[in-house]
Amino acid sequence: MTPARRRELNGLMVRFADGDRAAFRPLFDALWPVLLAVTSRALSERADAEDAAQRAMLVLFHRIVDLDRERDGVAWAATIAAYEVMTLRRSAQRRREATGNHEVHVQMIAAPTPGPYEQVMATELSAAVHAAVGELPARDQEVLTAMLSGATLDPGETPRKRRFRALERLRTVWRKRHG
Amino acid sequence: MVDLDRLANKARDAAESSRIRMACRTVVAVTSFCAIAIAAGGSVVPCLCLAFALFAGTALLRWWHREGVEAVRLGLVMGAVPMLAGVVLPGCGVNCAPPGQFGEAELICVLAGIVAGAGLAVFAERKRGQWRVWFLATLVAGLTASLGCTTLGVTGLAATLLAMTVSSVAVRIPLLLRAS
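Per chain, residues are indexed from 1 in the order of the written sequence. As a convention, the first chain written is A and the first ligand written is 1, with the rest following in written order. For this predicted model, a pLDDT threshold of at least 70 governs which residues receive local features, and a threshold of 80 or more governs which side-chain atom pairs are given and counted, while totals over whole chains, interfaces and linings are taken from all residues. With hydrogens and water stripped out, all remaining heavy atoms of the structure feed into the side-chain values.

With respect to the overall build of chain B
Turning to step 1, where the next piece is worked out: Per the convention used, a helix needs a DSSP run of H or I reaching at least four residues, while a strand needs a run of E reaching at least two, with both numbered from the N terminus. For chain B, the count of helices and strands is seven helices and zero strands.
Turning to step 2, where the next piece is worked out: For the exposure calls, accessible area comes from a 1.4 Å probe over protein chains only, and a residue counts as buried if that area is under 20% of its type's maximum, exposed if over 50%, partly exposed in between. Burial status across chain B gives 46% buried among its 180 residues.
Turning to step 3, where the next piece is worked out: Note on contacts: a residue pair is in contact if any heavy atoms of the two residues lie within 4.5 Å. Put simply, of all contacts in chain B between residues at least 6 apart along the chain, 77% involve residues at least 24 apart.
Turning to step 4, where the next piece is worked out: Accessible surface, chain B: about 8900 Å² in total, of which carbon and sulfur atoms supply 71%. Here the accessible surface of atoms and residues is derived via Shrake-Rupley with a 1.4 Å probe, and residues count as covered only by protein chains that are part of the display.

A look at the pattern of salt bridges
Turning to step 1, where the next piece is worked out: When a carboxyl oxygen of Asp or Glu lies within 4 Å of a side-chain nitrogen of Lys or Arg, that pair is called a salt bridge. Summed over all chains, the structure comprises 17 salt bridges over all chains.
Turning to step 2, where the next piece is worked out: Across the pair Asp72(A) and Arg6(A) runs a salt bridge whose closest N-O atoms are separated by 2.6 Å. With a gap of 66 residues between them, Asp72(A) in the loop between helix 3 (46-62) and helix 4 (73-99) and Arg6(A) in helix 1 (residues 3-18) connect regions that are remote in the sequence.
Turning to step 3, where the next piece is worked out: A relative accessible area of 26% means that Asp72(A) is categorised as partly exposed.
Turning to step 4, where the next piece is worked out: Residue Arg6(A) is classed as partly exposed on the basis of its relative accessible area, which comes to 32%.
Turning to step 5, where the next piece is worked out: Overlapping salt bridges bring together Asp18(A), Arg69(A), Arg66(B) and Glu70(B) as one network.

Some remarks on the interface of chain A and chain B
Turning to step 1, where the next piece is worked out: Facing the 18 residues of chain A at the interface are 22 residues of chain B.
Turning to step 2, where the next piece is worked out: Together, the buried faces of chain A and chain B total about 1900 Å²; carbon and sulfur atoms form 58% of this surface.
Turning to step 3, where the next piece is worked out: What counts as buried area is the accessible surface, traced by a 1.4 Å probe, that two parts surrender upon association, with contributions from both included. Three residues stand out in chain A for area buried against chain B, namely Asp18(A), Arg21(A) and Val65(A), and they jointly supply 30% of the buried area on that side.
Turning to step 4, where the next piece is worked out: Put simply, chain A and chain B have three salt bridges between them.
Turning to step 5, where the next piece is worked out: Residue Asp5(B) pairs with Arg25(A) through a salt bridge whose shortest N-O separation is 3.4 Å.
Turning to step 6, where the next piece is worked out: Under this definition, polar contacts are N or O atom pairs within 3.5 Å; protein pairs additionally need one hydrogen-donor-capable and one acceptor-capable atom, and for neighbouring residues in sequence, both atoms have to be side-chain atoms. In this assembly, chain A and chain B are joined by 10 residue pairs in polar contact (both at pLDDT 80 or more).
Turning to step 7, where the next piece is worked out: Among the elements of the structure, helix 1, helix 2 (24-42) and helix 3 of chain A are those that each provide at least two residues to the side of chain A that touches chain B.
Turning to step 8, where the next piece is worked out: Ranked by residues supplied to the side of chain A that touches chain B, first place goes to helix 3 of chain A with six residues.

Describing the environment of Arg5(A)
All names here are of chain A.
Turning to step 1, where the next piece is worked out: On the secondary structure map, Arg5 appears in helix 1.
Turning to step 2, where the next piece is worked out: Taking relative accessible area as the criterion, Arg5 reaches 32% and is therefore assigned partly exposed.
Turning to step 3, where the next piece is worked out: Taking C-alpha positions, Arg5 is 9.2 Å from Ala30, a pair spaced 25 residues apart along the chain.
Turning to step 4, where the next piece is worked out: A polar contact is formed between the side chain of Arg5 and the side chain of Glu8, at a distance of 3.1 Å.

Structure below.
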């Protein structure tokens, strides 16, 4: 974005925030490509990027009256878009955890594949995962083993939270072992 | 594919609802002023009517434009000076004069009005869209002052409002001449 274009966009944001309703459509049309560019850079799926950009647009207009006129409005818009990307990623991760897609992922890697290279990789990866799980406390091992084998947890517990904590600890151990 | 027109409508609604919410926040200040005025012995019905008019006016101004936001802020602060004077005086034993007469309490309220008017002119000078801000802030300050001056009666209230307006204009003219 050129400095002139940035200034123009900033000016539109300030005008609209100040109460000039006529600035809405030009501002909207100018902001959409900016937000979409930010979200597209962070998300590979076009649909996800558009989804995040739409949410960012709504959040931005919802908070436009609080616009700080001394600061760069474009940077503010990009921050909102980045935050929406983060939120989208987090909710996707939560969905994956809730539906046990990690298990599918691990199983996919561990499943017998036609090529010898993939087989070796899958075996090594599976061994590495089990070794990392082995370093965790017994309670986490139980949760993760149940996840990997597809078994259900005790109904008295909160499975999602337990799984989440166990996975967090597994991530820490994984990072320590493999960087 | 994103329906941009639909998204634009949603964004416009989001912006307007947020603007309305921001505008209605003035209810906190207006309610406090009204409660103080009633607690200090002001008549309930006139106080409530004035508070409603003040809330409607300030909310509309804040929703309309940023200049309205600034005018409301300035008007409420400056209007609070004569309002508090009108509220505090009866508590300090300074009683109002009989209807149609001018006593100590009215005089103090008029002085507070003069201070508020001068403040309006000076502070409006620093704002963007000075004329509109000054004019609207004076209206808001007048309504705010009226809330506290209901105990003074019509004479005291009219004198306070007149003093505020005259002093505001009197201070504004030299400021304008200096600026030009």
